[in-house]
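Commentary on secondary and tertiary structure
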Amino acid sequence: MGLLFGSSSAFAAAPAKASRGKGEVQDAMLYLKVLISGLQSEKVAQPMKGALVGCIYNNSLGKITESMDKVIAENPGKIDKDNPSELLSVMVRICGYNPQDAASDNPAKGR
């Protein structure tokens, strides 16, 4: 997946809301399912799981939902809410995991 947003976390720009609509609750439930599935999957790397755990530990589900919705809205047609893999990819990025940073921490061994 290409770079959809900057390296900074999307949480800083997410304003708090007093009330939640039905759509927001549905989105929150979807994102929570994606987060839990990612944590349970053997296909998800441990650094990604660490970012997800830190994210849910340090942020409310409402804040995560707002950040996810913001990124999706800023990238129309690029992220499919019906594709859990795409949602998980976005979620780990807003939670602070950067694949480029991970690659530089563990460079491939040369000759």
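Quick caveat: nothing in here was measured; it's all calculated off a predicted structure. (Residues numbered from 1 in each chain as written. Predicted model: local features only at pLDDT ≥ 70, side-chain atom pairs only at ≥ 80, totals over all residues. Heavy atoms only, no water.)

Within the structure shown, the criterion is met by three salt bridges. One salt bridge in this structure joins Lys81 and Asp69, with 3.7 Å as the shortest N-O distance. Note that Lys81 is positioned in the loop between α3 (61-74) and α4 (84-94) and Asp69 in helix α3, a separation of 12 residues in sequence. With a relative accessible area of 30%, Lys81 lands in the partly exposed category. Bridged by salt links that share partners, the residues Asp27, Asp69 and Lys81 form one connected network. (Salt bridge = Lys/Arg side-chain N within 4 Å of Asp/Glu carboxyl O. Helix = DSSP H or I, 4+ residues; strand = E, 2+ residues; numbered from the N terminus. Buried < 20%, exposed > 50% of the residue type's maximum accessible area, 1.4 Å probe, protein only.)

Bringing the environment of Leu35 into the picture now. Here Leu35 is to be found in helix α1 (residues 22-40). The exposure class of Leu35 is buried, given its relative accessible area of 4%. Spatially, the C-alpha atoms of Leu35 and Leu87 are 9.0 Å apart, while their sequence positions differ by 52 residues. Among all residues touching Leu35, those that are not within four sequence positions of it are Leu52, Ile56 and Met91. (Contact = heavy atoms within 4.5 Å.)

Right, let's get into the state of the cysteines. Under the definition given, this model contains one disulfide. Note on cysteine connectivity: Cys55 is disulfide-linked to Cys95, with sulfurs 2.2 Å apart. Taking the sign of the torsion about the S-S bond as the criterion, the disulfide between Cys55 and Cys95, at about -70 degrees, is left-handed. With Cys55 in helix α2 (residues 46-58) and Cys95 in the loop between α4 and α5 (99-105), this residue pair connects regions lying 40 residues apart in the sequence. Cys95 carries the same exposure label as Cys55, and that label is buried. (Disulfide = S-S within 2.5 Å.)

A word on the packing of α3 against α4. Contact geometry for α3 and α4: axes closest at 10 Å, N-to-C directions at 115 degrees. Between α3 and α4 the crossing geometry is right-handed. Contacts between α3 and α4 involve Ile64, Ser67, Met68, Val71 and Ile72 on the former and, on the latter, Leu87, Val90, Met91 and Ile94. Tallied by class, the residues present in the contact of α3 with α4 amount to eight nonpolar, one polar and no charged. (Axes fitted to C-alpha atoms, helices over the stretch in contact; angles between N-to-C directions. Left-handed = near helix turned anticlockwise from the far one by under 90°. Nonpolar A, V, L, I, M, F, W, Y, C, P; charged D, E, K, R; others polar.)

In this section: the nonpolar core. Grouped together as the largest cluster of nonpolar side chains are 20 residues, with contacts concentrated most on Leu52, Met68, Leu87, Met91, Ile94 and Cys95. Elements represented by at least two residues in this core include exactly α1, α2, α3 and α4. Not counting the four nearest positions on each side in its chain, Met91 is found in contact with Tyr31, Val34, Leu35, Leu52 and Met68. (Core = buried A, V, L, I, M, F, W, Y, C linked by side-chain atoms within 4.5 Å.)

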